[in-house]
Each structure stands twice: as structure tokens, then as C-alpha cells.
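Overview (structure and organization)
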Amino acid sequence: MTNQPPADRSRREFARLFAFGGSAALFTASAGAWRGTPQVAGPAPSSTDERYWAGVRSGFVMPEGLACLNAANLCPSPARVLDAYFDSTRSVDRDPSPQNRQKTRTGREATRRALAASLGVTPEEIVITRNTSESNNFVSSGLDLKAGDEVLIFSDNHPSNHAAWRQKAERFGFLVRTIERVHPHPGPDYYVEAFRRQLTARTRVVAFTHVTASVGDLLPAAELCALAREHGALSLVDGAQSFGVLDLDLSKMEPDFFTGSAHKWPCGPKECGVLFVNRRIHDRIRPSIVSLYPGEVGISRTMEAFGQRDEPSIVGFGEALALQATIGRAAIERRARELAQVLVTGLRAIDGVRVWTDDDPNRSGAIVSFQPAGLDVRKLHQALYESEGIVCATRPGSDRGGLRFSPHFYNLHAEMGRAIDAVRKYVARGV
Ligand SMILES: Cc1ncc(COP(=O)(O)O)c(C=O)c1O
């Protein structure tokens, strides 16, 4: 095999990583093939116990050789979520009668209750949407804003909470002001003051990202929501990068709106999301979609009538939340932060690597972005996947560009070691 080109060799090595119970088996397996996969027996022990987390990991269908460090983009669902989703789908297709489908409607309400419990709020305040993008847009489209009104946003917001506001400002005549992000993270107090300075008597909404997708900067959500409230403005917290990984309690954060996606850190099915609407302001927002089949309680009766939808995926979302509740949300946050910290420390120690993420837990979540010396980021991204079995994201562009690793509770310490070693190797010898 020595005369094989390196790329071919790499692919073969990668194929070997997948050979046992790997992706090929996954794609050809029947839906029930992963039944019997070990399930999480109970809550995480308070100490770091790698065997417990290895057990958690074995409840996922990813092959052992694949280190998925891309939670900020898309998380895998564990086997029990896939089972719940497929069982429910099969049931609907076996018997599509309204009588049988009532079971999935019941499941949808159970998921609403699980969402409310996981966020520390009431089911009456929960809208089950399709993703964070939709949730954010329901807010910017659903409020009565007009010329003379102002909306304060953060410069490092996702387009669904940035470009969306700008488009709607053009349409409805209100003004968008932007708080610029500062690098390195200047600390929570800096941002509270920066927002305070830009608030005026005309500010109607303060819309910011809890943890940024770019480098994982954590914003002081509770303080910013309180500030907005003091000034008579509504707050929208985009929680796409905190929901399902940080141990959230919205009853303490007190946002008016909070948004998130099931398919990111909660490890739920794709195309499911959440919009929390504080009960204080239910009369302030109008539905952007008006159709049949609303939710059964509170704000979902008006804001969640989207017509026919994939209710089995909502059932699966409930199962994903149940798994997190079993492990414990505080333990999940601790674990993800611990793994992120290992990455920050390991990457910083590599000559030429520039880590963009702050290691202070008051300034970061579980996202680690870095510039891998002068390497071509796209080539490195590909080499990490093809030759090392490491999944991550590229961060193209001039704003703190490079690669992004986002570990989660299904990752193991050994995978952090592999990722750091691989980056060190390519930085030393090129890619
Ligand atoms: C901060 C933030 N908001 C919103 C989104 C959009 O999420 P989705 O694609 O699930 O709608 C993302 C996606 O990465 C994000 O990072």
C-alpha cells in the first residue's frame, strides 16, 4: 500500500475507523437495529467519571472513531430519541386516522411541559417552533413596531436576529441600533454599560445572543433583560448556543422572549425549536402564521397554529429533553465546559495557534474558536474529518476566522486529546 497517494490512504484509514458498527451499518440498518444500545442509567456522578460519560456516549449511534465537535451547528440524536421519533412516525403511517394521531398531539403537549420544566417556566409560555431562526423571526415580525421606535441589537447576532431586524426596519420604518462586539471579551459589566448607553426612551426591544456562535462569547443575559425592563423595552435572548448545554433558569433570567433549536445542544430531532414568550407580554405579540392545529395551552393557542406538521419529531424532542433531565442539566453544563476548557488549554499551547475564545466561565460557553497558525482552514477542516475522524466547523472570513470546536456531553476526554494532537501535527508539518 506504500505507493498509494496520501489522500487515498487517509480515506482508507478513515473507512477503517468506521468499519465496526460504523456509518455503513447505520445507513443500511433497519430503524430498530440500534435497540438495546446501552441507555443512561441515572444522573451523572458529581465527580468526573469517564466511564459514566462513555456510557452516555454509547447511547448514541455515532461510530466510535468519529469525534463530533460540532454541537454548535448540529448535534446527533441518541438512539432513544431516534426510536421515539421512528416509532411515532411508523404509528402515524400505519394508522393515519385522526384517532390514532391524537397520540402524537398528546405527545406534543407532553413535550411542551418538558420544555417548560427544563427552562423553569410554564407550558402556557411555550411555543414549539421549527428552529431558532423561526422563533427569532416570530418576534421581529410579530411585534407592532413603527417609525419612531428603536430596536437595540448586538453586532455578533445570528442573521435571524440581525439581518432580520434590519429588513423589518426597512419595511416598518423603525430604527435599529447596534452594540459592537469587543474582542477580547471585555467582561459582562462592559456590555451592560454599552447597552445602557444606547437605550433611549424610544427603545422597544433589546435583542442579543446569549452565547455567540462565532467564538462563544457569553453575554450577561439576566442583567441585560433587567436593563431592558427598567427602560420599558422588551428583551429577546437568542439561546441557540446555550439551550441544551447551559443549566438555564428563565425564571431567573427573566427574558420576554427566549429562542432555541432542538437539533443543536438538546440533541433532539431536526426542525424543532422553541420560543418562550413571557406571560407578562402575551398581548404584545401577534402570530406570523395563522392556520389550523394550534397548541392546547396559553400562547400556543394563537402562536402555534402552523397547519399540519411533523408531530413525531416533537415527540422525539420530548425524549431528548428527558435524557438531559436524567443526566442532570448542571452536570451537562459542567461536562461541556470542562471539555471546552481542555481544548482551550491544549490549543493555546501549540505554537502559532491563536485561540479566540475566552477561558473565563463568565465570558464563555462550550464553543472554542481558533486560528490554526497560517494553515489553509478549509484543507485542515477536510484533513481532520477524512484522516482523523474529527468533525468541526470552519469559520471563514476576516472576523476571528479559523476553526470552531464545540464539544458536548457525548464527547470523551480522549477525543479532546485526539483533536489537540491532530492540530499540533498539521501545524508542525502542514496539511
Ligand atoms: C446564535 C444563533 N442563533 C440562531 C441560529 C439559527 O439556528 P437554526 O438554524 O437552528 O434556526 C444559530 C445557528 O447556528 C445560532 O448560532
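Residues numbered from 1 in each chain as written. Predicted model: local features only at pLDDT ≥ 70, side-chain atom pairs only at ≥ 80, totals over all residues. Heavy atoms only, no water.

**Considering the overall build of the chain**
Across its full length, the chain carries 15 helices and 13 strands. At 22 Å, the chain has a C-alpha radius of gyration in line with the 22 Å of a compact globule built from 431 residues. C-alpha extents for the chain along the principal axes are approximately 70 × 55 × 40 Å. Burial analysis of the chain (431 residues in total) assigns 55% to the buried set. (Helix = DSSP H or I, 4+ residues; strand = E, 2+ residues; numbered from the N terminus. Rg over C-alpha atoms; globule rule 2.2 N^0.38 Å. Buried < 20%, exposed > 50% of the residue type's maximum accessible area, 1.4 Å probe, protein only.)

**Details of the pattern of salt bridges**
Tallied over the entire structure, the rule returns 33 salt bridges. Between Arg279 and Glu125 there is a salt bridge whose closest N-O contact spans 3.9 Å. Separated by 154 residues along the polypeptide, Arg279 in the loop between strand S8 (273-277) and helix H11 (300-303) and Glu125 in the loop between helix H5 (98-119) and strand S2 (126-129) bring together distant segments of the chain. Note on Glu125: relative accessible area 5%, which makes it buried. Ionic pairing is found between Arg280 and Asp256, a salt bridge with its closest N-O pair at 3.8 Å. With Arg280 in the loop between S8 and H11 and Asp256 in the loop between helix H10 (250-253) and strand S7 (257-261), the pair connects residues that are 24 residues apart, well separated along the chain. The network of salt bridges with common partners includes Arg105, Arg108, Glu109, Arg112, Glu304, Arg309 and Glu311. (Salt bridge = Lys/Arg side-chain N within 4 Å of Asp/Glu carboxyl O.)

**Thoughts on the site of the ligand**
Taken together, the neighbourhood of the ligand is formed by 14 residues, with Ser133, Asp238, Gln241, Ser261 and Lys264 sitting nearest. Residue Thr132 places a main-chain N or O atom 3.4 Å away from an oxygen atom belonging to the ligand. Between the ligand and Asp238 there is a distance of 2.6 Å, counted from a nitrogen atom to a side-chain nitrogen or oxygen. Against a free-state accessible area of 390 Å², the protein chains account for coverage of 86% of the ligand. Here the residues of the shell around the ligand are counted per class, giving three nonpolar, nine polar and two charged. (Near = heavy atom within 4 Å. Polar contact = N/O pair within 3.5 Å; in protein donor to acceptor, adjacent residues only side chain to side chain. Areas by Shrake-Rupley, 256 points an atom, 1.4 Å probe, with all protein chains shown as cover. Nonpolar A, V, L, I, M, F, W, Y, C, P; charged D, E, K, R; others polar.)

**Topic: the confidence of the model for the chain**
Across the chain, pLDDT averages 92, with 90% of residues at or above 70. Counting interchain partners and residues more than four positions distant, the pLDDT-below-50 stretch residues 1-37 has 36 contacts. (pLDDT = per-residue confidence, 0-100. Contact = heavy atoms within 4.5 Å.)

**Details of the sheet that holds strand S13 (residues 402-405)**
Ordered in space as S9-S10-S13-S12, the four strands form an open sheet in which the pairing is antiparallel. Strand pairing shows two members of the sheet lacking a second neighbour, strand S9 (353-355) and strand S12 (393-395), which therefore form its edges. On average, each strand axis in the sheet is tilted by 30 degrees relative to the strand beside it, whichever way the strands run. Direction of pairing for strand S10 (residues 368-372) relative to S13: antiparallel, over a ladder of three bridges. (Pairing = 2+ DSSP bridges. Axes fitted to C-alpha atoms, helices over the stretch in contact; angles between N-to-C directions.)

**Notes on the packing of helix H14 (residues 377-388) against helix H15 (residues 413-429)**
In the contact formed by H14 and H15, the axes pass within 11 Å of each other and the chain directions differ by 125 degrees. As the angle between them shows, H14 and H15 are arranged oblique. Considering the relative orientation of H14 and H15, their crossing is right-handed. On H15, the residues touching Leu380, Ala383, Leu384, Ser387 and Glu388 of H14 are Arg418, Ala422, Lys425 and Tyr426. Considered class by class, the residues forming the contact of H14 with H15 number five nonpolar, one polar and three charged. (Parallel < 35°, antiparallel > 145°, perpendicular 65-115°, else oblique. Left-handed = near helix turned anticlockwise from the far one by under 90°.)

**What to know about H14**
If you check H14, its first and last C-alpha atoms are 15 Å apart, about what twelve residues at 1.5 Å a residue would give, namely 16 Å. Taken residue by residue, H14 has Val377, Leu380, Ala383, Leu384, Ser387 and Glu388 as its buried positions. Seen from one end, H14 has its buried residues packed into an arc of 125 degrees, which puts them on one side. Of the residues that open H14, the one with a side-chain oxygen 2.9 Å from the backbone nitrogen of Arg378 is Asp376. Taken from the residues just after H14, Gly389 is the one with a positive phi, measuring 65 degrees. (Expected span 1.5 Å × (residues − 1). Arc of directions from axis to C-beta.)

**Focus: the packing of helix H4 (residues 79-94) against helix H12 (residues 311-327)**
One way to put it is that H4 packs onto H12 with a least axis distance of 8 Å and a crossing angle of 155 degrees. Classed by the angle they form, the pair H4 and H12 counts as roughly antiparallel. Helix-helix and strand crossings are classified by hand; for H4 and H12 the assignment is right-handed. Residues Arg80, Val81, Ala84, Tyr85, Ser88, Thr89 and Val92 of H4 touch H12, and the partners they reach there are Pro312, Ser313, Val315, Gly316, Glu319, Ala320, Ala322 and Leu323. By residue class, the composition of the contact of H4 with H12 is nine nonpolar, four polar and two charged.

**Overview of the sheet that holds strand S3 (residues 150-154)**
With mixed pairing, seven strands are arranged side by side in an open sheet as S2-S8-S7-S6-S5-S3-S4. The open sheet has two edge strands, S2 and strand S4 (175-179), and neither has a second partner. Averaged over all adjacent pairs, the angle separating strand axes in this sheet is 15 degrees, with direction ignored. When S3 meets strand S5 (residues 203-209), the two strands line up parallel, connected through four bridges. Pairing of Glu150 across the sheet is with Thr203, part of S5. Sitting on the sheet, H5 is in contact with S2, S7 and S8, with an inclination near 120 degrees to S2.

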